[in-house]
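Residue-level structure breakdown
Take a look at the letters that make up each chain.
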Amino acid sequence: MADEQRRGDEPATGDERISGERSGDERISGERSGDERISGELIGGRQEETGFDEEDGRLTLRERKKLRTRQRISGEATLLFIRRGFDNVTVAEVARAAEVSTMTVFNYFPRKEDLFLDRIPEARELITRAIRERGAGESPLAALRRLALGLLAERHPLAAVGEGFEHFWRTVLESPALRARGREVVEEMENTLAALLAEAAGGDAARPGHDDRLAAALIIAAIRVAHADAVARQLGGDPADEVAVGQEEVLRCTFDALERALPGLG
């Protein structure tokens, strides 16, 4: 294909210059029917292009170009994984669909699982900004409550509630590799939050204390349980709007309970 069709990627060299038409499962942009007709629609709780906002004024031109490439790779991977199952798709197939080399895919996503769970960096960034940029007099826990309810209100993928999200969660549940990666993500988020709580209290973010680590574990566990409830309802066929109404109440009750359990953070 012509270089201009690389949609914002840097000039191709070596095995990154992939030409010719794709066919079969590799032809991602063609016509589809049923669940496969997803161009421009939400699938797995997100659009084909996912991740941070390309229009973020803090990004340089080079960073925006890299972001578009990352989003394109993840978007093509998502379509393949949902259509065929995560464990049935290779990284090489993702590379061909995204018109980059396998090496380029790994440059952006060190692990295959992160191609699908591509919002992990965004989740970490949102939690960090919520706590570090909270208003005067606002506690870390209150900032996290505001973040969680805000994400739900805008039907952000990280809120776990929205049209088409069941495709994403079903793919995760059907893959042992994705479920294992999900458990690692929980631990990573606990570590990130513990460091932020220590920092907010004036302590050493590099060495969070027992109270910080315990508080982080409780917060992440509580949010995970709340999200699991929403996922189960959507997989059971409940309409997304109906789930969202219930999920708002679940989150409010969850954070009320956390404030009682963690009075120092409320």
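Residues numbered from 1 in each chain as written. Predicted model: local features only at pLDDT ≥ 70, side-chain atom pairs only at ≥ 80, totals over all residues. Heavy atoms only, no water.

**A closer look at the overall build of the chain**
This is how it is decided: Labels follow the DSSP assignment, with helices taken as runs of H or I lasting at least four residues and strands as runs of E lasting at least two, numbered in each case from the N terminus. Only protein chains enter the accessibility calculation, which uses a 1.4 Å probe; a residue whose area is less than 20% of its type maximum is buried, one above 50% is exposed, and one in between is partly exposed. Only heavy atoms matter for contacts: two residues are in contact if any of them lie within 4.5 Å across the pair. Here the accessible surface of atoms and residues is derived via Shrake-Rupley with a 1.4 Å probe, and residues count as covered only by protein chains that are part of the display.
A tally of helices and strands in the chain yields 10 helices and zero strands. Starting at the N terminus and walking to the C terminus, you meet the elements of the chain as α-α-α-α-α-α-α-α-α-α. Going through the 266 residues of the chain one by one, you find that 43% of them count as buried. Here the contacts in the chain between residues at least 6 apart in sequence split such that 68% fall between residues at least 24 apart. On the chain, roughly 13600 Å² of surface is accessible, and the fraction owed to carbon and sulfur atoms is 50%.

**Observations regarding the layout of surface pockets**
Rule in force here: Using protein atoms alone on a 1 Å grid, points that fit a 1.4 Å probe yet trap it form a cavity, whereas open point sets bounded by protein on both sides within 12 Å along at least five of seven lines form a pocket; residues with an atom within 4 Å of a point count as lining. Grid points are joined across faces, edges and corners, and a volume is the space filled by probe spheres set on the points. For this classification, the nonpolar set comprises Ala, Val, Leu, Ile, Met, Phe, Trp, Tyr, Cys and Pro, the charged set comprises Asp, Glu, Lys and Arg, and every other residue, Gly included, is treated as polar.
For the largest pocket, the calculated volume is near 1200 Å³. Around the largest pocket sit 40 residues that line it, and Leu-158, Trp-169, Val-185, Arg-224 and His-227 are the ones nearest its centre. For the lining of the largest pocket, the element with the highest residue contribution is helix H8 (residues 176-200), accounting for eight residues. The class makeup of the residues in the lining of the largest pocket is 30 nonpolar, four polar and six charged.

**A closer look at the pattern of salt bridges**
Let me state the cut-off plainly: For salt bridges, the criterion is a side-chain nitrogen of Lys or Arg within 4 Å of an Asp or Glu carboxyl oxygen.
Summed over all chains, the structure comprises 16 salt bridges. Residues Glu-184 and Arg-181 are paired through a salt bridge, measuring 3.2 Å at the closest nitrogen-oxygen approach. Residue Glu-184 and its partner Arg-181 are located together in helix H8, separated by three residues, close to a single helical turn. On the basis of relative accessibility, which here comes to 32%, the residue Glu-184 falls in the partly exposed class. Residue Glu-188 is joined to Arg-181 by a salt bridge in which the shortest nitrogen-to-oxygen separation is 2.7 Å.

**As for the packing of aromatic side chains**
Using the following cut-off: Note on ring pairs: Phe, Tyr and Trp rings are taken, using the six-membered ring of Trp, and paired if centres are within 6.5 Å. Classes follow the plane angle, with under 30 degrees stacked, over 60 edge-to-face and the rest tilted.
The full count for this structure, using the stated rule, is four aromatic pairs. Both rings, one in Phe-81 and one in Phe-116, keep their centres 5.9 Å apart while their planes meet at 75°; by these two values the pair is edge-to-face. With Phe-81 in helix H1 (residues 61-84) and Phe-116 in helix H4 (residues 113-116), the pair connects residues that are 35 residues apart, well separated along the chain. For the residue pair Phe-81 and Phe-116, the accessibility class agrees, reading buried in each case. Judged by centre distance (5.0 Å) and plane angle (85°), the ring pair of Phe-168 and Trp-169 falls under edge-to-face.

**Some thoughts on H8**
Quick note on the threshold: One less than the residue count of a helix, multiplied by 1.5 Å, gives the span that helix is expected to have.
For H8, with 25 residues, the first-to-last C-alpha span of 36 Å sits near the 36 Å given by 1.5 Å per residue. Along H8, the residues that are buried comprise Leu-178, Arg-181, Val-185, Met-189, Thr-192, Leu-193, Ala-194, Ala-195, Leu-196, Leu-197 and Ala-198. Contacts made by the buried residues of H8 are with H4, helix H5 (120-132), helix H6 (140-153), helix H7 (165-173) and helix H9 (210-235). Gly-202, located one to two residues past H8, shows a positive phi value of around 85°.

**Some remarks on the nonpolar core**
Put simply, the rule reads: Nine residue types can take part in a nonpolar core, namely buried Ala, Val, Leu, Ile, Met, Phe, Trp, Tyr and Cys, and a core is a set of them joined through side-chain atoms within 4.5 Å.
Core analysis: the biggest nonpolar cluster contains 56 residues, and Phe-116, Leu-193 and Ile-219 have the highest contact counts within it. Of all the elements, H9 adds the most residues to this core, at eight residues. Those residues in contact with Leu-193 that lie beyond four places of it in its chain are Ile-127, Ile-131, Leu-144, Ala-216, Ile-219 and Ile-220.

**A look at the packing of H7 against H9**
To keep things clear, this is the line we draw: Whenever a helix is involved, its axis is fitted only over the stretch in contact; in every case the axis is a line through C-alpha atoms, and angles between N-to-C directions fall within 0 to 180 degrees. We call two directions roughly parallel when the angle between them is under 35 degrees, roughly antiparallel when it is over 145, roughly perpendicular when it lies between 65 and 115, and oblique otherwise.
Here H7 crosses H9 at 105°, and the two axes come no closer than 9 Å. Viewed along their axes, H7 and H9 adopt a mutual orientation that is roughly perpendicular. On the side of H7, the interface is formed by Phe-165, Glu-166, Trp-169, Arg-170 and Leu-173, while H9 contributes Val-231, Gln-234 and Leu-235.

**So, the environment of Lys-112**
Convention followed: Two N or O atoms count as a polar contact when they lie within 3.5 Å, although within protein this holds only if one can serve as hydrogen donor and the other as acceptor, and sequence-adjacent residues are included solely when both atoms are side-chain atoms.
Note that Lys-112 resides in the loop between helix H3 (102-108) and H4. As for Lys-112 and Leu-178, which are separated by 66 residues in sequence, their C-alpha atoms are 9.2 Å apart. A polar contact is formed between the side chain of Lys-112 and the backbone oxygen of Phe-86, at a distance of 2.9 Å.

**Digging into the side chain of Ser-74**
Tracing the backbone shows Ser-74 in helix H1. Here Ser-74 falls in the buried class, since its relative accessible area comes to 0%. A distance of 3.1 Å separates the side chain of Ser-74 from the backbone oxygen of Leu-115, its partner in a polar contact.

**Some remarks on the confidence of the model for the chain**
The condition that has to hold: One number per residue, pLDDT, summarises how confident the predictor is, and it ranges from 0 to 100.
Here the chain shows a mean pLDDT of 83. Residues at 70 or above account for 78%. Below pLDDT 50 for its whole length, residues 1-51 participates in 106 contacts with residues either more than four positions away or in separate chains.

**As for the environment of Leu-265**
Mapped onto the elements, Leu-265 comes out in the segment after helix H10 (240-261). The exposure class assigned to Leu-265 is buried, which follows from its relative accessible area of 16%. As for Leu-265 and Leu-197, which are separated by 68 residues in sequence, their C-alpha atoms are 8.8 Å apart. Beyond its immediate chain neighbours, meaning those up to four positions away, Leu-265 contacts Ser-139, Pro-140, Leu-141, Leu-197, Ala-215 and Ile-219.

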